[in-house]
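Next come the chains, spelled out residue by residue.
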Amino acid sequence: PLPLGAPQSRPASLGGMAAESVSVTFHVECTKTKPGDAVFIVGSTPELGAWKVAGAVPCITSRQVFPMWSSEAVTLSAASEKVEFKVIVMAASGDQPDKATWEGGPNRVLHMPKTPSGGGAQLAASCAWGEPEVTYRTKLTGGASVGGGQGKRSSDDKMGRVETGVHFQIDETGDGLGELKPLTSMTRMASRNSALVGSSGSMQKRGSRHMCISNDGLLNADMSRTPSLMLVDADELAEEVAARSEEMEELERQKLNEMQRRMPSGSLLESMRNIIDTADKNNTVMLQGFNWESWRAGGGDWYAIVQTKIQTMQDMGITDVWLPPPSQSVAPQGYLPSQLFNIDGSKYGNQASLEGLIKAMHESGIRAVADIVVNHRCGDKQDSQGRWNQFTSGMESRPSFAGVMDWGGWAITLGDKFSDGTGQNHPGQFDGKFDAAPDIDHANKKVQESISIWLRWLQLQIGFDAWRFDFVKGYSAEFVGLYCKKSAPAWAVGELWGDMQYDDSGLQHNQDRHRQDAVNWINATDKQSTAFDFTTKGVLQEAVKNCQYWRLKDSNGKPPGLLGWMPKHAVTFIDNHDTGSTQRHWPFPDDKVLVGYAYIITHPGIPSLFWDHVFDWGENHRNQIKELLRVRRDSGIPVDAPVNIQCADHDLYLAEIGNPPALRVALGPRQAGEPDRNYWSPGPAGNQFRVWVHRKEEKPAEKKTEAPKAAPTAPQAGSPKVAVSFTPITVDGQQLTPNAVQGMSKDELGKVCAKLEPVVKAAKDVMASK
């Protein structure tokens, strides 16, 4: 984000002349950091980086004072009347400025103190992440007063209103220290620090370090900056901060869970967004953590089985696990839900087991994705006409949720066979029909409110982070967007499974209409949700099954699926519990599954793995998928990486991914040839797939060489290397670059010439005839 440049109002002048320099220390209350992160200050002056993240001023903290962060003193020129700044969070090393998180809202403003003598000044600026107020403590050197007058100013003499909405007054004690104290409610930071210090005194010491806090509750950086502070072990400090951050996040989640039915939804959502970070799609890899038969396993506790696999998932680089529908269901697989709050009624395990699994996942840095089945819902009671359209929530332990999911026939779309005619709306024009259960009316405000409350309960009570929406073709995409906005998930994905285009010869090459449906759906959610890339699955499995790799390139030279149009919103996959597993409604060819993974893991989009392929097909199969994930991660392939398709024939697909190219992948039975060895090194390979990785440049070791005593008078023996330059081309799947040509033998060059000479001659003949 760019700094906001709108001019801001200036408070009443403090009088006098601007100080020549101001020594500023920043104190920030911030809980937005993750392990390895730190708080930085960036601003409008060169000393604060001139709005460039690379020059931002770092802040430090410790377990005793977290979440308070403090900077070293920064000397600012007082030539200008004000300095604007913002708080950012990024990696503590400062080596990832492009991934910095900026706080929202207008720029904060420091107004330079004034002094009649033009001397210096010291200023402490304190603020909290996301809150506009800034408090100041100002000390002018040389004994001058803040106001610049000759006498003392009464403590009742109040300043004008500052643009932050906080009033200040001057408090002078005769020692040259003028303090700007807020007159409105700005005690939260001070009380937090007082709690950290305790009532025993203003200094808290642990081992060989200490942090000093003034009586007003703010960190005193000058007193704390002693040699003992320099003895802090950076790794130990990072571990302490990480542990404290996780502890505070869990405590905040528990507090919000207790308060969620007593807080306005807007305030609740704002607080939830502080503890549920938005997923970085560039690094997201999802695993479907179950199959169609998982409910039978583990003696009714599938969650316990998943928990035993967490370390393996972490080692593979999996960031998210999609768990089965959590609620009591008429069908054991969970896709005919009834009592949505009744987690103990699930065939996958009880609520305590599920919460324990998710807690263990969070401790390993893995998010939990809930399977949200709300297109339909099974009634657990009949009405007077024998229709199963009376619904109860299944919530018994918390009275504040009474009635939230207790519905009647009014919650069902008009015209449905379960409807009693008391509903409000018919199904949408394009809504798909699910005949096995009542079709829920999502246009009904009471239904929307109930589902939103349930989703927030899944986050705060159970611990879920993200959503997978089931059967989204059954209701309007706008409601998926609404539910995301009302629950603030880390991310979301929808299952939009529609029919592809076929003709007499089979699957058509052009599937633009199919992927356009996905694009339209994503846009209709206000881009709140991604979508499973069924287009890529259909085209890819047809290509590998029939050796028709020409299918993997559309008429514009791009990948033919959703990942070719909207890669940031495309979740690619090979199989799931419906298409594969024991149902096998639309299975990927078993002997080509690794070819499929070689494609989706090396290409843009968010790859999703299937449980069976990772845990049921053997260790060797899992390790090959793990290696593909490793090279994707090491190569830094972003979710929207460009794809340069160099060959898409019936028996060979060859593409380079990234800009500059970071991965090169070949699929199919035909050999692709060796690429430029100076640029590419071999990566994972298997039956009908091969991957190359961009060779990292190694810095040559520095060698001390003595200057020659005399310049050579004759050329060195041997044939000189001919300098060549041309745009790289591909011949029979082999890329020819200047470096590659120079490294070829005479025989290899002769073969290349034999292939190219007829083409060049034909081109010249045609050109001459024009």
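The model shown is predicted, which means the values in this text are computed figures rather than measured ones. (Residues numbered from 1 in each chain as written. Predicted model: local features only at pLDDT ≥ 70, side-chain atom pairs only at ≥ 80, totals over all residues. Heavy atoms only, no water.)

Re the overall build of the chain
Then step 1. A count of helical and extended segments in the chain gives 16 helices and 33 strands.
Then step 2. The proportion of buried residues among the 770 residues of the chain is 51%.
Then step 3. Contacts in the chain between residues at least 24 apart in sequence constitute 66% of all its contacts with a sequence separation of at least 6.
Then step 4. Only carbon and sulfur atoms are counted for the fraction: they give 50% of the accessible area of the chain, which is about 36,000 Å². (Helix = DSSP H or I, 4+ residues; strand = E, 2+ residues; numbered from the N terminus. Buried < 20%, exposed > 50% of the residue type's maximum accessible area, 1.4 Å probe, protein only. Contact = heavy atoms within 4.5 Å. Areas by Shrake-Rupley, 256 points an atom, 1.4 Å probe, with all protein chains shown as cover.)

Examining the packing of helix H7 (residues 351–363) against helix H8 (residues 445–462)
Then step 1. Interhelical geometry of H7 versus H8 gives an angle of 70 degrees and a closest axis separation of 10 Å. When the axis of H7 is compared with that of H8, the two are roughly perpendicular. Facing Gln351, Leu354, Glu355 and Ile358 of H7, the residues of H8 in contact are Trp457, Gln461 and Ile462.
Then step 2. Looking at the contact of H7 with H8, its residues break down into four nonpolar, two polar and one charged. (Axes fitted to C-alpha atoms, helices over the stretch in contact; angles between N-to-C directions. Parallel < 35°, antiparallel > 145°, perpendicular 65-115°, else oblique. Nonpolar A, V, L, I, M, F, W, Y, C, P; charged D, E, K, R; others polar.)

Description of the nonpolar core
Then step 1. The biggest cluster of nonpolar side chains holds 134 residues, and the ones touching the most others in it are Leu609 and Tyr653.
Then step 2. When residues in this core are grouped by element, the largest group, nine residues, is from H8.
Then step 3. Apart from residues no more than four positions distant in its own chain, Leu609 is found in contact with Val285, Met286, Leu287, Gln288, Met316, Ile318, Tyr597, Ile601, Val614, Ile625 and Leu629.
Then step 4. With 38 residues, the next largest nonpolar core counts Ile41, Val42, Trp69 and Val89 among its residues. (Core = buried A, V, L, I, M, F, W, Y, C linked by side-chain atoms within 4.5 Å.)

Side note on the environment of Val519
Then step 1. Its location among the elements puts Val519 in helix H10 (residues 512–524).
Then step 2. With relative accessibility at 9%, the residue Val519 sits in the buried group.
Then step 3. For the pair Val519 and His569, spaced 50 residues apart in sequence, the C-alpha to C-alpha distance is 8.7 Å.
Then step 4. Those residues in contact with Val519, other than ones at most four positions away along the chain, are Leu562, Trp565 and Met566.

Brief notes about the sheet that holds strand S29 (residues 663–667)
Then step 1. Sheet architecture is open: five strands sit in the order S27-S28-S29-S31-S30, paired in antiparallel fashion. Every interior strand has two partners, whereas the edge strands, strand S27 (643–648) and strand S30 (680–686), have only one. With strand direction ignored, the average angle separating the axes of adjacent strands in the sheet is 15 degrees.
Then step 2. Inspection of the sheet shows strand S28 (residues 653–657) paired to S29 by five bridges, in the antiparallel sense. The residue bridging Leu654 from the neighbouring strand is Ala666, located in S29.
Then step 3. Across the sheet, helix H12 (residues 593–602) touches S28, S29 and strand S31 (689–694), and the angle it forms with S29 is around 155 degrees. (Pairing = 2+ DSSP bridges.)

Overview of the packing of aromatic side chains
Then step 1. Taken as a whole and judged by the stated rule, the model has 20 aromatic pairs.
Then step 2. An angle of 40 degrees between the planes, with centres 5.5 Å apart, marks the rings of Trp322 and Phe532 as tilted. Note that Trp322 is positioned in strand S18 (residues 320–322) and Phe532 in strand S24 (residues 530–532), a separation of 210 residues in sequence.
Then step 3. Taking 5.8 Å as the distance between ring centres and 55 degrees as the angle between the ring planes, the aromatic pair formed by Tyr599 and Tyr653 counts as tilted. Note that Tyr599 is positioned in helix H12 and Tyr653 in strand S28, a separation of 54 residues in sequence. (Phe/Tyr/Trp six-rings, centres within 6.5 Å; stacked < 30°, edge-to-face > 60°.)

Here's the deal with the pairing of S28
Sheet faces and side chains relate simply in a regular strand, where the side chains alternate between the two faces.
Then step 1. With five of five residues buried, S28 lies mostly within the body of the structure.
Then step 2. Residues of S28 alternate between two faces, with Tyr653, Ala655 and Ile657 on one and Leu654 and Glu656 on the opposite face, all of them buried.
Then step 3. Here five bridges tie S27 to S28, and the two strands are oriented antiparallel to one another. Across the sheet, residue Val643 finds its bridge partner in S28, namely Ile657.
Then step 4. Linkage of S27 to S28, two consecutive antiparallel strands, is achieved through a turn of four residues.
Then step 5. Counted between consecutive antiparallel strands, the loop separating S28 from S29 contains five residues, among which Gly658 sits at a positive phi close to 110 degrees.

So, unusual backbone geometry
Then step 1. Geometrically, the link from Phe66 to Pro67 is a cis peptide bond, its omega value of 15 degrees lying close to zero.
Then step 2. Within the secondary structure layout, Pro67 lies in the loop between strand S4 (57–60) and strand S5 (68–71).
Then step 3. Of the consecutive residues Asn659 and Pro660, the connecting peptide bond is found in the cis state with omega at 0 degrees.
Then step 4. Here Pro660 lies in the loop between S28 and S29.
Then step 5. Backbone geometry at Asp526 places phi at a positive 65 degrees, although glycine is not the residue there.
Then step 6. Along the chain, Asp526 falls in the loop between H10 and S24.
Then step 7. Positive phi values are uncommon outside glycine, yet Lys527 reaches one of about 55 degrees.

Concerning helix H14 (residues 619–635)
Then step 1. Given a rise of 1.5 Å per residue, 17 residues ought to cover 24 Å, and the 24 Å separating the end C-alpha atoms of H14 matches this to within 8%.
Then step 2. Inspection of H14 places His621, Arg622, Ile625, Leu628, Leu629, Val631, Arg632 and Ser635 among the buried residues, and these make up the whole buried set.
Then step 3. Following H14 by one or two positions, Gly636 has its phi on the positive side, about 65 degrees. (Expected span 1.5 Å × (residues − 1).)

So, the pairing of S31
Then step 1. Bridge count for S29 against S31 is five bridges, and the pairing is antiparallel. Counterpart to Arg664 in the pairing with S31 is Trp692.
Then step 2. Here S30 folds back onto S31, and the loop between the two strands holds two residues, one of which, Gln688, carries a positive phi near 70 degrees.

Some remarks on H10
Then step 1. Compared with the 18 Å implied by 1.5 Å per residue over 13 residues, the 18 Å span of H10 between its first and last C-alpha is a close match.
Then step 2. Buried positions along H10 lie against helix H9 (477–485), strand S21 (492–494), S24 and helix H11 (534–546).
Then step 3. Trailing H10 by a residue or two, Asp526 shows a phi angle of about 65 degrees, which is positive.

So, the packing of H8 against H9
Then step 1. Close contact between H8 and H9 brings their axes to 9 Å; oriented N to C, the two are set at 45 degrees. As summarised for this structure, H8 and H9 are arranged oblique, according to the angle between their axes. Two packed elements cross with a definite hand, and for H8 against H9 that hand is right-handed. On H9, the residues that touch Val447, Gln448, Ile451, Ser452 and Leu455 of H8 are Phe479, Leu482 and Tyr483.
Then step 2. For the contact of H8 with H9, the class distribution of residues is six nonpolar, two polar and no charged. (Left-handed = near helix turned anticlockwise from the far one by under 90°.)

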